[in-house]
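Close look at the chain arrangement
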Amino acid sequence: MTAATNSGPGELMAAATKAVSAGGAAKRWTAALRSPLGITAAVLLAGVLLLAVVAPLIWQGRAEAVQSAEILQGPSSAHPVGTDLLGRDILARVLVATRLSVGLALLATAIGVTAGLLLGTAPVLLGRRAGRWIGAFINIAVAFPSLLLALFFAVIFGVGAKGAVLAIGFATAPAFARLTQTMAATISGRDFIAAARVAGIGRLRILVRHVLPNIAEPLVVSATMAAGAALLSFASLSFLGLGVQAPSYDWGRLLGEGLAQIYVHPAGALAAGVAVVLAAMAFNLAGEAVARAIGLRSAQTNQRTQTAPTHEEQRAEPEPDGPEKPLLAVENLHVSFGAVTPVRGVSLTVRKGEAIGIVGESGSGKSLTALAIAQLIERPGHVRADRLEFLGTDLRERSTARGLAALRERSAAHELGDLRERSEASERSGAAGHSNAGERSKPLERSDMRERSDMRERSDMRERSDAPERSDVRKRSTPSKRFDMRERSGKGERSNARDGSELSKNELRRLLGTSLSMVFQDPMTSLNPTQRVGRQLAEVVREHQGADRRTAWRRAVDRLAAVRIPGAERRARQLPHEFSGGMRQRAMIGMGVMANPALIIADEPTTALDVTVQRQVLQLIANIRAAERVGLLFISHDVTVVGQVCDRVLVMYAGRIVEDLPTDALLHDARHPYTRALVAAVPDMTTDRTKPLAVIPGRPPDPHDVPAGCPYAPRCPLATDQCRRQDPALTSYAAGRRVACWHADLAPAAVPDNRAATTGGQAAVPDNRATTGGQGAVSEKRAATADGHFVAADDDKTDDQIAAPLGGDRA
Ligand SMILES: Nc1ncnc2c1ncn2[C@@H]1O[C@H](COP(=O)(O)OP(=O)(O)OP(=O)(O)O)[C@@H](O)[C@H]1O
């Protein structure tokens, strides 16, 4: 009756992933078909389908021939299972009924699967709010037994075959919808969907290209099994007199007729029953065989609990913007899941061409910070910040519409060349509005004024042309898109809150899609396993620049070549699993720069790579950054790697930044004991191998249970009562330097060091930065000396293998 399967969504998802990624699918199918289960399923299903086609052609006459002399005969050679009340041959009737029984069951299944698919994928298409309503509806529908639903619908749609088909179809839909919804939600949480969303791909396209191909196989399994269940349901309804009506007959009706004479001759009732069981088995076994072929097995669910004590909040001192507006400005960013807040007040800025590293142990909140910036935290996650600006646009949820209204304003004003005039006029009209709008509350007035001054500030920023090449959203939009924007504005879009926020979301999507790129830790999950690599890259420019298929493809190949993928044209036609790990990561970086981003967020992009490939990838990122003056937010737990690519390092601990310092100061002048401990824990050629490696005692706190005071205190050799009582705020103590420690002055001497060759207890982080070149802030080449200081290196050579910056066809 339902789309029931013995497997849960987790198992089905595991199957899908395995099916797509492992390759050798043909082998698995052959093996599954050759197994006893596969052979039985194939023979049974083929038999049922064959009968459905040929039985009416061969036995229709015999099945309907009334023979009054042979009424209610028992089994004989002429009638193997006897005759019915009119002397008709029961076996012939059962065989002929195959077509109607199977046909109607398949039709009902098709209706159920389609309705379930539409309902189950609706949350992906319609967004979170509508998704929650649809989810609630599905939950209610699933709570009713499907037979009850079928009876209910049968009464509504009327007695007869048509009513029964609709009834069974709609009764099948909720279970199928639930399965689809769960699997789509699981896939939606994968990195490649996040990458597609960051790239600004629309919801429909994400659903069709990325979600459905990845859940198709388990859905086919489930639909096959649902056909078996529908067959049984149909027989039940016909048996009850609610399904097929005379003179037509299906197995359910034959079962009902046979039951009346069961004491006279039981074989008559048995034949239809056996047919129903065999056909249902055929579908169910076929489903099982398909499931095995795609490798179904149980998967663990990854649940995170959500209750925790709260922790006293400490506000980090925000960084000043400086003369040039930052690309990215984050102030007091919090990310919460229920009562747990794994990110607690992060403040940072990234300027044009600047590379900022975020380091910290696992679980310190690095990835969540990046995801929050890229707007990729899904409910129940909640992001709040005092400021979250990218390219001057406020990304915060509540102010999205407002911020983007300003963005549109700016865009239109740029077209007319009167941006300043416009913002001044807006300010003037604002003042006038205030003077006669006595009913407005004070906070509202303040926020309006702030908005206007914000707008003016941003206008000024644009006027200073801080990013004429790239950061201007207007420049990124095609002329038709710009015209579109103005047209919509002209139609009073801002007076319609609903339209306004929809448009704002689109514009925000476009802004992030074109200007921000994310490179994730695991390229295997970041690339859609069912799509050719070139096509995935091409999608970005097709979506945002309206490029035709051929141009987009050429650009994808060009970018693959630029990130040093050998045989780019051929490789572009391959699936991700045909790439090596390093190539996949480079392809991800290629994808990241398809749309000329202003900021790249790289979340542990080299963790899974060997040192040679790691070096190549780091070099590639450095080259792109230097050549394009792209900002970089580089996340890693590896201090050495961050030291190689970044200008500044932010050290995170327990969801907060505990130190912000230039990379040069990392080795010899870090003030926080945690930073120094991290540096000391990195072994290098100078490490004394006769002594144990430096380790940080204890473990980072669980976000559910952050201790009072400084969260590092339980592990810190310098901790005092004050540390255990009071959490120090991140405070600026010199230009570009912030630290959150009550004993920042003592820290350099506080960490035991086992490095024989170091002086004064300084840790040496080996440095192999070959070049970042260009205009990025790390413009000189450096090497680490034994005493841990960076010096300018005299080797000016670039790495031949990886040196080429991106080629010229910037759109
Ligand atoms: N969806 C979520 N729900 C609840 N807690 C979460 C969620 N995602 C992450 N966390 C928790 O937030 C904390 C920070 O996670 P995050 O992924 O940012 O750590 P990280 O510093 O990037 O670690 P790693 O280096 O291992 O990737 C962790 O304790 C993690 O368990």
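What counts, and where the lines are drawn
- Residue positions are given per chain, counted from 1 along the sequence in the order it is written.
- Since the coordinates come from a predicted model, pLDDT governs what is reported: local features require at least 70, and pairs of side-chain atoms require 80 or more to be given and counted, while whole-chain, interface and lining totals use all residues.
- For side-chain calculations, the full set of non-hydrogen atoms in the structure is used, while hydrogens and water are omitted.
- Where helices and strands are cited, they refer to DSSP runs of H or I of at least four residues and of E of at least two residues respectively, numbered from the N terminus.
- Relative accessibility decides the category of a residue: with a 1.4 Å probe and only protein chains considered, values under 20% of the type maximum give buried, values over 50% give exposed, and everything between is partly exposed.
- It only takes one pair of heavy atoms within 4.5 Å for two residues to be counted as in contact.
- Here the accessible surface of atoms and residues is derived via Shrake-Rupley with a 1.4 Å probe, and residues count as covered only by protein chains that are part of the display.
- Angles run from 0 to 180 degrees between N-to-C directions of axes, and those axes are lines fitted to C-alpha atoms, restricted for helices to the stretch in contact.
- Here roughly perpendicular refers to angles of 65 to 115 degrees, roughly parallel to angles under 35, roughly antiparallel to angles over 145, and oblique to all remaining angles.
- In this count, Pro and Cys sit with the nonpolar residues alongside Ala, Val, Leu, Ile, Met, Phe, Trp and Tyr, while Asp, Glu, Lys and Arg are called charged and the others, Gly among them, polar.
- Nearness here has a simple test: a residue counts as near a molecule or strand if at least one of its heavy atoms is within 4 Å of that partner.
- Candidate patch residues must exceed 30% relative accessible area and have no salt bridge, after which like charges are joined if within 9 Å and Val, Leu, Ile, Met, Phe, Trp or Tyr side chains if within 5 Å.
- What counts as a salt bridge is simple: a side-chain nitrogen of Lys or Arg found within 4 Å of a carboxyl oxygen of Asp or Glu.
- For two strands to pair, DSSP has to find at least two bridges joining them.
- Working rule for helices: expected span equals 1.5 Å times residues minus one.

The protein has the name ATP-binding cassette domain-containing protein in an unreviewed UniProt entry, where Paractinoplanes hotanensis is given as its organism.

We now examine the overall build of the protein. Looking only at helices and strands, the protein has 28 helices and 15 strands in total. Looking at the protein residue by residue over its 811 residues, the buried ones come to 54%. Taking all contacts inside the protein whose residues are at least 6 apart in sequence as the whole, residues at least 24 apart take part in 72%. Summed over all atoms, the accessible surface of the protein reaches about 35,100 Å², with 58% contributed by carbon and sulfur.

Next up on the list: the packing of helix α9 (residues 203–239) against helix α20 (residues 533–545). Taken N-terminus to C-terminus, the directions of α9 and α20 make an angle of 170°; their axes are 13 Å apart at the nearest point. Taken as axis vectors, α9 and α20 run roughly antiparallel relative to one another. Contacts from Arg 205, Arg 209 and His 210 in α9 reach Arg 535, Glu 539, Arg 542 and Glu 543 in α20. Taken together, the residues of the contact of α9 with α20 sort by class into no nonpolar, 1 polar and 6 charged.

Looking at the ligand, there are 13 residues lining it, with Ser 362, Gly 363, Lys 366, Ser 367 and Leu 368 nearest. With 3 residues, the top contributor of residues to the shell around the ligand is helix α12 (residues 366–373). Taken together, the residues of the shell around the ligand sort by class into 4 nonpolar, 5 polar and 4 charged.

All right, on to a nonpolar patch on the surface then. Residues Leu 270, Val 274, Val 277, Leu 278 and Met 281 make up a contiguous nonpolar surface patch of roughly 430 Å² in combined accessible area. Inspection of the secondary structure assignment puts Leu 278 in helix α11 (residues 267–293). Leu 278 gets classed as partly exposed once you look at its relative accessible area, which sits at 38%.

A few words now on the sheet that holds strand β3 (residues 355–359). Ordered by their spatial adjacency, 8 strands build an open sheet running β7-β8-β9-β3-β10-β11-β13-β12, and the pairing between neighbours is mixed. Each edge of the open sheet carries a strand with a single partner, namely β7 (516–519) and β12 (731–734). Here the average twist between neighbouring strands, direction ignored, is 25°. Where β12 meets strand β13 (residues 737–739), 3 bridges bridge the pair, whose relative direction is antiparallel. Directly across from Thr 731, in β13, lies its bridge partner Val 739. Its contacts with the sheet place helix α24 (residues 611–628) against β3, β8 (599–603) and β9 (631–635), and it is angled at close to 155° to β9.

Moving on to helix α23 (residues 581–592). Between its terminal C-alpha atoms α23 stretches 17 Å, which fits the 16 Å expected from 12 residues at 1.5 Å a residue. Judged by how many residues are buried, α23 sits mostly within the fold: 11 of 12 residues are covered. Those residues of α23 that sit buried are Gly 582, Met 583, Arg 584, Gln 585, Arg 586, Ala 587, Met 588, Ile 589, Gly 590, Met 591 and Gly 592.

Under the counting rule described, the total for this entry stands at 16 salt bridges. A salt bridge links Glu 389 to Arg 387, with the shortest nitrogen-to-oxygen separation between them at 3.4 Å. By the burial criterion, Glu 389 is buried, and Arg 387 matches it. Look at the salt bridges and you will find they share partners, linking Glu 354, Arg 648, Asp 660 and Arg 738 into a network.

Moving on: the side chain of Arg 88. Position of Arg 88 relative to the elements: it lies in the loop between α3 (36–64) and α4 (90–126). The exposure class of Arg 88 is buried, given its relative accessible area of 16%. Discounting residues that sit within four places of it in the chain, Arg 88 has contacts with Ala 63, Glu 64, Ala 65, Val 66, Gly 82, Thr 83 and Arg 93.

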